[in-house]
Structure formats: structure tokens, C-alpha cells
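Structural features, examined
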Amino acid sequence: MKKFMTKMYVKAMLASKDVKAFIKNEQGDTNIIAIILILAIVIALAIVFRSQLSALFNRIWSGLFGQVDANF
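Since we're looking at a predicted model, the values are computed, not measured.

1. Observations regarding the overall build of the protein chain
When you go through the protein chain residue by residue, the secondary structure sums to three helices and zero strands. Secondary structure of the protein chain in N-to-C order comes out as α-α-α. Carbon and sulfur atoms make up 72% of the accessible area of the protein chain, which totals about 7,100 Å².

2. Points about the confidence of the model for the protein chain
When pLDDT is low, close inspection of the predicted coordinates is not appropriate. Overall, the prediction assigns the protein chain a mean pLDDT of 82, with 85% of residues at 70 or greater. Of all helices and strands in the protein chain, the one with the weakest mean pLDDT is helix α1 (residues 2-24) (79), whereas helix α2 (residues 29-48) scores best (89).

3. Re the packing of aromatic side chains
Applying the stated criterion to the full structure yields two aromatic pairs. Taking 5.6 Å as the distance between ring centres and 25 degrees as the angle between the ring planes, the aromatic pair formed by Phe57 and Trp61 counts as stacked. Of this pair, Phe57 and Trp61 both sit in helix α3 (residues 50-71), separated by four residues, roughly a single helical turn. Note on Phe57: relative accessible area 49%, which makes it partly exposed. A centroid spacing of 4.9 Å and a plane angle of 65 degrees characterise the contact between Trp61 and Phe65, whose relative ring orientation is edge-to-face. Of the two residues, Trp61 and Phe65 both sit in helix α3, four residues apart, roughly one turn of that helix. According to the relative accessible area criterion, Trp61 is partly exposed, its value standing at 45%. Residue Phe65 is classed as partly exposed on the basis of its relative accessible area, which comes to 42%. Through a chain of ring-to-ring contacts, three or more aromatic side chains come together here, namely Phe57, Trp61 and Phe65.

4. Re a nonpolar patch on the surface
A surface patch of nonpolar side chains, amounting to about 1,100 Å² of accessible area, comprises Ile41, Leu45, Val48, Phe49, Leu53, Leu56, Phe57, Ile60, Trp61, Leu64 and Phe65. Going through the elements one at a time, α2 and α3 are the ones with two or more residues in the nonpolar patch. By residue number, the principal contributor to the nonpolar patch is α3, which donates seven residues. Among the secondary structure elements, Leu45 is positioned in helix α2.

What counts and what doesn't
Residues numbered from 1 in each chain as written. Predicted model: local features only at pLDDT ≥ 70, side-chain atom pairs only at ≥ 80, totals over all residues. Heavy atoms only, no water. Helix = DSSP H or I, 4+ residues; strand = E, 2+ residues; numbered from the N terminus. Areas by Shrake-Rupley, 256 points an atom, 1.4 Å probe, with all protein chains shown as cover. pLDDT = per-residue confidence, 0-100. Phe/Tyr/Trp six-rings, centres within 6.5 Å; stacked < 30°, edge-to-face > 60°. Buried < 20%, exposed > 50% of the residue type's maximum accessible area, 1.4 Å probe, protein only. Patch = residues over 30% accessible without salt bridge, like charges linked within 9 Å, V, L, I, M, F, W, Y side chains within 5 Å. Salt bridge = Lys/Arg side-chain N within 4 Å of Asp/Glu carboxyl O.

See below:
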């Protein structure tokens with residue numbers, strides 16, 4: 001029983017070490033920040049050019065439905 005408990009303790013300590021290393025790993029943080037910055041820029045551009053984007057979308061939408069109506 002003592003041998004089993006010793007093995008379990010060692011495995012728990014190794015697992016705890018791995019969890020701490022995983023938490024300290026900051027490799028993905030720069031990717032998240034870059035994605036947030038890109039999204040902020042895209043949203044800002046969409047707000048600035050809102051009327052032009054709306055007009056473009058309406059032309060495309062009416063063009064699609066105009067072609068559908070012409071075919072039926």
C-alpha cells in the first residue's frame with residue numbers, strides 16, 4: 001500500500017508541475033491580442049464607411065433578386 005501511495009504522490013506532483021507550466025505558457029497571448037486589434041480596425045472601418053457599405057450591399061442584394069425575378 002505504501003508503494004502505491006508513493007507512486008500516486010509522484011504522479012500528482014508531476015501533474016501539478018505540468019499544470020503550472022501550462023498556466024505560465026504565454027505563447028498564445030500575442031495571437032489573441034493581434035486578433036483583437038484586427039477586429040477593432042475592421043469594426044472601426046465599417047463604422048466610418050457605413051453608408052458606402054450599406055449602398056454596396058443594397059446594390060448587390062437588388063442585383064441578385066433582380067436576376068432571380070427576371071428568370072422567373
